[in-house]
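Results of the structural survey
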Amino acid sequence: MRVTFHIFNLGDSGDPEIGAGLEIGSWLETDKGQWVKQHAQDLKYAIEPDLLHWGHRCAIYGRLEGARATEYFLRWNTKES
């Protein structure tokens, strides 16, 4: 199952990859980020323009299967997908 683990907005910066890298690194150090890093498969991120907020939007996503997906949704009670 494909799961979006974290979504955040970036301001209008010269290089959104650098800003996203800083935020992703910080998020991966959280309890949720550590768990995702350990259990998710095919962990990736995507950056797209956010015209409404004059910046960019970044999403971290990956795959969880079976019991791991159930554990994730129970642990963090999220409806993102």
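Conventions we followed
- Residues numbered from 1 in each chain as written.
- Predicted model: local features only at pLDDT ≥ 70, side-chain atom pairs only at ≥ 80, totals over all residues.
- Heavy atoms only, no water.
- Salt bridge = Lys/Arg side-chain N within 4 Å of Asp/Glu carboxyl O.
- Buried < 20%, exposed > 50% of the residue type's maximum accessible area, 1.4 Å probe, protein only.
- pLDDT = per-residue confidence, 0-100.
- Helix = DSSP H or I, 4+ residues; strand = E, 2+ residues; numbered from the N terminus.
- Arc of directions from axis to C-beta.
- Contact = heavy atoms within 4.5 Å.
- Pairing = 2+ DSSP bridges.
- Axes fitted to C-alpha atoms, helices over the stretch in contact; angles between N-to-C directions.

If the charged atoms of two oppositely charged side chains come close together, the side chains can form a pair. By the definition in use, this model includes four salt bridges. Notably, a salt bridge pairs Lys44 with Asp42, separated by 3.7 Å at the nearest N-O pair. Classification of Asp42 by relative accessible area gives partly exposed; the value is 48%. With its nearest N and O atoms 2.8 Å apart, the salt bridge here joins Arg63 to Glu65. Looking at Arg63, the relative accessible area reads 35%, which means it is partly exposed. Taken together, the shared-partner salt bridges connect Arg68, Glu71 and Arg75 into one network.

Another point: the confidence of the model for the protein chain. In this model, the protein chain carries an average pLDDT of 91, and 95% of its residues clear a pLDDT of 70 or more. Mean pLDDT across the secondary structure elements of the protein chain bottoms out at helix H1 (residues 16–28), with 92, and peaks at helix H2 (residues 31–39), with 97.

A word on H2. Where H2 is concerned, the buried positions are Lys32, Gly33, Trp35, Val36 and His39. The arc enclosing the buried residues of H2, seen along the axis, measures out at 165 degrees, which places them on a common side. Away from its buried face by more than 90 degrees, H2 exposes Asp31 and Gln38. Taken together, the buried residues of H2 touch strand S1 (2–10), H1, strand S2 (41–50) and helix H3 (66–76).

Turning next to unusual backbone geometry. Here Asp42, not a glycine, exhibits a phi torsion of approximately 55 degrees, which is positive. Of note, Asp42 is situated in strand S2. With phi around 55 degrees, Trp54 is a residue other than glycine that occupies positive phi space. Relative to the helices and strands, Trp54 resides in the loop between S2 and strand S3 (55–63).

Turning our eyes to something else, we now look at the sheet that holds S1. Taking strand neighbours across the sheet as the criterion, the three strands line up as S1-S3-S2 in an open arrangement whose pairing is antiparallel. In this open sheet, the two edge strands, each paired with only one partner strand, are S1 and S2. Along the sheet, successive strands turn relative to each other by an average axial angle of 20 degrees, direction set aside. Judged from the eight bridges that link them, S1 and S3 form a sheet pairing that is antiparallel. Each residue of the ladder has a partner; that of Ile7, found in S3, is Ala59. Seen against the sheet, H1 touches S1, S2 and S3 and runs at an angle of roughly 125 degrees to S1.

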